[in-house]
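Residue-level listing of the chains:
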Amino acid sequence: MFNREMYNKRMEWFKNDRFGMFIHWGLYSIPARGEWIRSTERMSIKDYEQYFEEFNPESFEPEVWAKLAKEAGMKYAVLTAKHHDGFCLFDTKLTEYKSTNTKSGRDFVREYLEAFRKEGIKVGLYFSLIDWHHPDYPHYKDMHHPMRDNKEYEGKVHNFDNYLEFMHAQVKELCTEYGKLDMMWFDFSYGDMKGEKWQADKLMKMVRTYQPDIIVDNRLEVSGEGFGSIATQNPTSYSGDYVSPEQIIPPNGLFDEEGNELAWEACITMNDNWGYTALDKNFKPASTIIKKLVECVSKNGNMLLNIGPDANGRIPKESVQILKEIGSWMKYNNKSIYGCKASSIPKPENGRITQNGKKIYYHVMENSIGYIPLYGIKTGEVEKIRLLYDGTELKIVNNWIVNNYPDIVFVNISKTPYLPDSIDTVVEVTIK
Ligand code: JFZ
């Protein structure tokens, strides 16, 4: 049964931390055409085998990843322990298809967990419910399987119970042999492959037995599409804890059936792919990502921003640059992100608003002619106003220029036509 009290308790850090790092990394990082390569190119296990033989990421230094995540202001991370291709980055006893059997011989999940925990970053694992390597996972006519239209597999019988036993046992390994996990990111349900088809009730009971505080996404029921029963008044035992919109920020935030706030996390790529894709240079500017992170928080959501390290274990240089730029904004402005949520004041036309109790953060993204209007507050409510990045005191402007607009608080943050921070200058208003 769903326990609202325990739910609220375990969700505290998630609603506070707001910003995480998604890491897609595996054998598919070698061909570098995305993590769906086996499916999109109808590649057999045999054709894919060369990457297993080759995999030897000598530059894998999770400490470097963790330091970068921390520098960017990210508070939690999620690594693909296993993606749809079925290759495991951990030393599972249930298949030979694992990193410890490659040339590298390493348990990357264990090393990742250690490195990120050491930096004080909460740790999560992505685990694919779909497995294109297991013989008992449906092949022919499945919606996504690489062999879905290969006649050789027509009529083949797959013992799905056998698959479920395997899959549950792998999740158990992760939940029992790797210490405390803060998050499990199951991915994903489709067609009739959802909910009890995964024996999700049993799976979640097991997960919560070993990891009572773990936060789980909603994809035992849905994919990026659909909200699942977490958006209803009667969530199932496997509803998961939050909605996982993919490559989109919900335009109006998300609410459950009764209009209560719903926890969500938008997972977003920096370019157009999750797994390392050599030719994809369509990286979003850091300024865009900063503004979109603010948008998430202003709508009660989190952002899980992806990196796709190359097969050697290196983060693409474009991503490193973006993370550093985000970090230099976060370093001065993170109080307007962590612990913040939507404000009851509607989005102003010059930016967005986040709020943490009596602190209202005005994210000014578009300059004014002259003074900056801080919409939605009255002069009498204001205790103090500061520029967030350096604490500069801002006085409420009171002169003939603004006097026609007595319902709006104005401040002066620049004597030039430019904002002090051209991406997002944050004004912190403390109300009484
Ligand atoms: C899933 C994965 O398939 C993808 O590789 C990546 O890990 C992302 C974060 O999650 O993305 C989806 C989910 C659902 C669909 C397609 C991609 N879908 O419903 O077709």
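Residues numbered from 1 in each chain as written. Predicted model: local features only at pLDDT ≥ 70, side-chain atom pairs only at ≥ 80, totals over all residues. Heavy atoms only, no water.

**Q** What should I look at first to understand the sheet that holds strand E9 (residues 351-356) in this one?
**A** Within a sheet, each strand pairs with its neighbour through backbone hydrogen bonds, oriented either parallel or antiparallel. Judged by pairing direction, the sheet is antiparallel, and its five strands sit side by side in the order E8-E9-E10-E14-E12 without closing on themselves. Since the sheet does not close on itself, it has two edges, and those belong to strand E8 (341-342) and strand E12 (382-387), each with one partner. Bridge analysis of strand E10 (residues 359-364) against strand E14 (residues 425-431) gives six bridges, and the strand direction is antiparallel. Looking at the pairing, tyrosine 361 lines up with glutamate 428 of E14. (Pairing = 2+ DSSP bridges. Helix = DSSP H or I, 4+ residues; strand = E, 2+ residues; numbered from the N terminus.)

**Q** So what exactly am I meant to see when it comes to the nonpolar core here?
**A** Proteins that are soluble and globular tend to have nonpolar side chains buried together. In terms of nonpolar packing, the biggest core is built from 118 residues, with Phe116, Met167, Val171, Met184, Phe186 and Trp198 touching the most fellow members. Tallying contributions element by element places helix H7 (residues 160-177) first for this core, with eight residues. Among all residues touching tryptophan 198, those that are not within four sequence positions of it are Leu129, Tyr137, Phe160, Tyr163, Leu164, Met167, His168, Phe188, Ser189, Met193 and Leu220. By size, the runner-up hydrophobic cluster in this structure holds 19 residues, among which are Ile372, Leu374, Leu419 and Val427. (Core = buried A, V, L, I, M, F, W, Y, C linked by side-chain atoms within 4.5 Å. Buried < 20%, exposed > 50% of the residue type's maximum accessible area, 1.4 Å probe, protein only. Contact = heavy atoms within 4.5 Å.)

**Q** It is not clear to me how the sheet that holds strand E7 (residues 301-307) should be interpreted in this structure. Could you clarify?
**A** If you trace the seven strands from one edge of the open sheet to the other, you get E5-E4-E3-E2-E1-E7-E6, paired in parallel fashion. Each end of this open sheet is capped by a strand with a single partner; those strands are strand E5 (215-216) and strand E6 (264-268). For strand E1 (residues 19-23) and strand E2 (residues 76-82), the ladder comprises four bridges, and the chain directions are parallel. Counted as the bridge partner of isoleucine 23 is leucine 79 from E2. Seen against the sheet, helix H9 (residues 286-298) touches E1, E6 and E7 and runs at an angle of roughly 150° to E7. (Axes fitted to C-alpha atoms, helices over the stretch in contact; angles between N-to-C directions.)

**Q** Hey, could you run me through the packing of aromatic side chains in this one?
**A** Two measures describe an aromatic ring pair: the distance that separates the ring centres and the angle between the ring planes. By the definition in use, this model includes 32 aromatic pairs. Ring centres of phenylalanine 52 and phenylalanine 87 lie 5.9 Å apart, and the angle between their planes is 85°; this geometry places the pair in the edge-to-face category. One end of the pair, phenylalanine 52, is in helix H4 (residues 45-54); the other, phenylalanine 87, is in the loop between E2 and helix H6 (108-118), and 35 residues separate them in sequence. For the pair formed by phenylalanine 52 and phenylalanine 87, the shared burial category is buried. For the pair phenylalanine 55 and phenylalanine 108, a centre-to-centre distance of 5.9 Å together with 75° between the ring planes defines the contact as edge-to-face. Taken together, the positions of phenylalanine 55 in the loop between H4 and helix H5 (62-72) and phenylalanine 108 in helix H6 put the pair 53 residues apart, joining distant regions of the chain. No difference in accessibility class separates phenylalanine 55 from phenylalanine 108, as the two residues are buried. An aromatic cluster is present here, built from Trp25, Phe52, Phe55, Phe60, Trp65, Phe87, Tyr97 and Phe108 joined pairwise through their rings. Over the aromatic face of tyrosine 338 sits the side chain of lysine 75, whose NZ or CZ is 4.4 Å from the ring centroid. In this structure, arginine 110 is placed above the aromatic ring of tyrosine 178, and the distance from its NZ or CZ to the ring centre is 4.2 Å. (Phe/Tyr/Trp six-rings, centres within 6.5 Å; stacked < 30°, edge-to-face > 60°. Lys NZ or Arg CZ within 6 Å of the ring centre and 35° of its normal.)

**Q** Where do I start with the packing of H7 against helix H8 (residues 200-210) in this structure?
**A** A pair of packed helices is characterised by two quantities: the angle between their axes and the separation of those axes. Relative to each other, H7 and H8 sit at 15°, their axes nearing to 9 Å. By the angle between their axes, H7 is roughly parallel relative to H8. The way H7 lies across H8 gives a crossing that is right-handed. Mapping the contact onto sequence places Met167, His168, Val171, Lys172, Cys175 and Thr176 in H7 and Lys202, Leu203, Met206, Val207 and Tyr210 in H8. Its residues assigned to classes, the contact of H7 with H8 shows seven nonpolar, two polar and two charged. (Parallel < 35°, antiparallel > 145°, perpendicular 65-115°, else oblique. Left-handed = near helix turned anticlockwise from the far one by under 90°. Nonpolar A, V, L, I, M, F, W, Y, C, P; charged D, E, K, R; others polar.)

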